[in-house]
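Now for the letters of each chain:
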Amino acid sequence: MKCFVGLGNPGKQYEMNRHNVGFMALDRFAAKWNFGSYQAKGKGMLAEGHVNGSKVYLLKPMTYMNLSGEALRAFLDFYKADLADVTIVYDDMDTPYGQIRLRYQGSAGGHNGIKSIIQHTGTQQFNRIRIGVSRPAPGYNIADYVLSNFSKEEAPALGQVLDLTGEAMAAIVEQPFEKTMAKFNK
């Protein structure tokens with residue numbers, strides 16, 4: 001069993017925000033692999049499916065970004081799941097737009113969703129797919145930036161990076177995270 005947790009904020013007004021690229025990645029993956037629809041479960045929306053015969057869960061916390069750890073904790077406790085089988089998918093300003101970086105440990109780096117996950121799991125060691133959204137221009141408010149929509153100029157690369165994220169997710173289901181990390185961190 002594997003679980004991917006896409007970070008984002010619930011609600012139509014946030015749908016295309018940079019901060020919601022984790023939700024976008026899960027939705028694209030669910031469509032590609034013919035997952036069932038999301039169902040309310042605990043503090044999130046959960047979809048179940050199979051990737052090449054392996055059971056996979058997709059979790060979108062409905063707690064808003066800053067409390068994402070609550071939804072993950074509820075999932076781990078209910079399913080008696082191991083954090084080693086979970087990968088967090090989220091936006092990262094320190095990764096260039098259009099690229100992804102895989103990591104298995106590290107600090108929150110100022111990301112409030114990751115801070116919450118660290119708080120609720122008690123560790124900084126968990127698998128992550130960081131989807132690059134780049135940093136805003138100097139002087140631009142960070143919160144305004146991550147809560148803004150991707151621009152029309154960014155749209156073509158967004159589809160490509162979501163597909164790349166899905167390829168990494170499928171690889172994580174089938175092989176050790178370290179092997180997937182070596183393949184996708186170019």
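Conventions adopted
- All chains use their own residue numbering, which begins from 1 and follows the written sequence.
- Per-residue local features are limited, in this predicted model, to residues with pLDDT of at least 70; the limit for side-chain atom pairs, both in listing and counting, is 80 or more; totals at the level of whole chains, interfaces and linings are taken over all residues.
- The side-chain values count all of the structure's non-hydrogen atoms but skip hydrogen atoms and water molecules.
- UniProt positions are given in the numbering used here, feature names are shortened, and annotations may be inferred rather than shown by experiment.
- To obtain an axis, a line is fitted to C-alpha atoms, over the contacting stretch when the element is a helix, and the angle between two such axes runs from 0 to 180 degrees between their N-to-C directions.
- Strands are runs of DSSP state E lasting at least 2 residues, helices are runs of H or I lasting at least 4, and numbering of each runs from the N terminus.
- Oblique is the label for any angle not under 35 degrees, not over 145, and not in the 65 to 115 range, which are roughly parallel, roughly antiparallel and roughly perpendicular in turn.
- A crossing counts as left-handed when the near helix is turned anticlockwise from the far one by less than a right angle, and as right-handed when that turn is clockwise.
- Working rule for contacts: check all heavy atoms of both residues, and any pair within 4.5 Å makes them a contact.
- Under the scheme applied here, ten amino acids are nonpolar (Ala, Val, Leu, Ile, Met, Phe, Trp, Tyr, Cys and Pro), four are charged (Asp, Glu, Lys and Arg), and all others, including Gly, are polar.
- Joining through side-chain atoms within 4.5 Å is the link that ties buried Ala, Val, Leu, Ile, Met, Phe, Trp, Tyr and Cys residues into a set, and such a set is a nonpolar core.
- Buried, partly exposed and exposed residues are distinguished by accessible area as a fraction of the type maximum, computed with a 1.4 Å probe on protein chains only: under 20%, between the cut-offs, and over 50%, respectively.
- Only strands joined by at least two bridges in the DSSP assignment are considered to pair.
- Positive charges are assigned to Lys and Arg, negative charges to Asp and Glu, while His and the chain termini are left out of the count.
- Salt bridges, as used here, are contacts in which a Lys or Arg side-chain nitrogen is within 4 Å of a carboxyl oxygen on Asp or Glu.
- Here a polar contact is taken to be a pair of N or O atoms separated by no more than 3.5 Å, where protein atoms must pair a possible hydrogen donor with a possible acceptor and residues adjacent in sequence count only if both atoms sit in side chains.

Within an unreviewed UniProt entry, the label attached to the protein reads Peptidyl-tRNA hydrolase, and the organism entered is Paenibacillus athensensis. Taken directly from UniProt, the Sequence similarities (unreviewed entry) text for the protein runs: "Belongs to the PTH family." Entered under Subunit (unreviewed entry) in the UniProt record, the comment concerning the protein runs "Monomer."

> Outline the packing of helix α1 (residues 21-32) against helix α5 (residues 155-174), listing residues and values.
At their nearest, the axes of α1 and α5 sit 9 Å apart, and the two run at 65° to each other. Classified by the interaxial angle, the pair formed by α1 and α5 is roughly perpendicular. Seen from above, α1 lies across α5 with right-handed handedness. When α1 is examined against α5, the residues Val21, Met24, Ala25, Leu26, Arg28 and Phe29 are found in contact with a partner set consisting of Leu158, Gly159, Leu162, Asp163, Thr165, Gly166, Met169 and Ala170. Partitioning the contact of α1 with α5 into residue classes produces 9 nonpolar, 3 polar and 2 charged.

> Please set out the nonpolar core residue by residue, giving values where relevant.
Core analysis: the biggest nonpolar cluster contains 36 residues, and Phe4, Leu58 and Ile129 have the highest contact counts within it. When contributions to this core are tallied by element, the ones reaching two or more residues are α1, β3 (44-51), β4 (54-61), β6 (100-103), β7 (127-132), α4 (142-146), α5 and α6 (177-184). For isoleucine 129, the residues in contact, after removing those within four places along its chain, are Thr87, Ile88, Val89, Tyr90, Ile100, Arg101, Leu102, Thr165, Ala168, Met169 and Ile172. Ranked by size, the runner-up nonpolar core spans 20 residues in total, among them Cys3, Met65, Leu72 and Ala108.

> Before we move on, can you summarise the pairing of β7 with the specific residues and values?
In terms of burial, β7 is a largely internal element, 6 of the 6 residues being buried. The alternating pattern of β7 places Asn127, Ile129 and Ile131 and Arg128, Arg130 and Gly132 on opposite faces, both of which are buried. In terms of strand pairing, strand β5 (residues 86-92) meets β7 through 6 bridges, oriented parallel. Across the sheet, the residue bridging to aspartate 91 is isoleucine 131, located in β7. Judged from the 4 bridges that link them, β6 and β7 form a sheet pairing that is antiparallel.

> Give me the lowdown on the side chain of arginine 128, citing residues and values where you can.
By the secondary structure assignment, arginine 128 is in strand β7. An unpaired buried charge is present at arginine 128: no salt bridge exists, and aspartate 92, the closest side chain of opposite charge, is 8.2 Å distant. Of note is the side chain of arginine 128, whose polar atom sits 3.3 Å from the backbone oxygen of serine 107. Looking at arginine 128, its side chain comes within polar contact range of the main-chain oxygen of glutamine 124, at 2.7 Å. Contacts of arginine 128, omitting those with residues within four sequence positions, involve Thr87, Ile88, Tyr90, Arg101, Leu102, Arg103, Gln105, Gly106, Ser107, Ile114 and Phe177.

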